[in-house]
Amino acid sequence: MGIADQFKDKAQELADQAKSKQSEGRNESRERTQGASERASKTSQQGRNKAQQTTQDVRDEYDR
């Protein structure tokens, strides 16, 4: 095996590693995005629930 073949093999190995890392980065990014979306949805729902409860409390107060 010549030096040129060794360089080609090493270059291919490094390229494969780079592709693997890039794929892992995309997966992590998707997971972070999904988690943020879920937290935002939960917060939004909590806000709606609080607003509905406050509205109901005000209506109950004025109905007395």
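Preceding this section is the structure that the text describes.
Residues numbered from 1 in each chain as written. Predicted model: local features only at pLDDT ≥ 70, side-chain atom pairs only at ≥ 80, totals over all residues. Heavy atoms only, no water.

On to the overall build of the protein chain, then. Scanning the protein chain for helices and strands turns up one helix and zero strands. With respect to the principal axes defined by its C-alpha atoms, the protein chain has extents near 95 × 5 × 5 Å. Counting only carbon and sulfur atoms, one obtains 49% of the accessible surface of the protein chain, whose full area is about 6000 Å². Considering the protein chain, the positive charge centre built from 13 side chains and the negative charge centre built from 12 side chains are found 3 Å apart. (Helix = DSSP H or I, 4+ residues; strand = E, 2+ residues; numbered from the N terminus. Areas by Shrake-Rupley, 256 points an atom, 1.4 Å probe, with all protein chains shown as cover. Lys, Arg positive; Asp, Glu negative; His and termini not counted. Charge placed at Lys NZ, Arg CZ, Asp CG, Glu CD.)

Attention now goes to the pattern of salt bridges. Enumeration according to the criterion identifies one salt bridge in this entry. Across the pair Glu13 and Lys10 runs a salt bridge, and its minimum N-O distance is 3.7 Å. Taken as a pair, Glu13 and Lys10 lie in helix H1 (residues 3-63) at a separation of three residues, close to a single helical turn. (Salt bridge = Lys/Arg side-chain N within 4 Å of Asp/Glu carboxyl O.)

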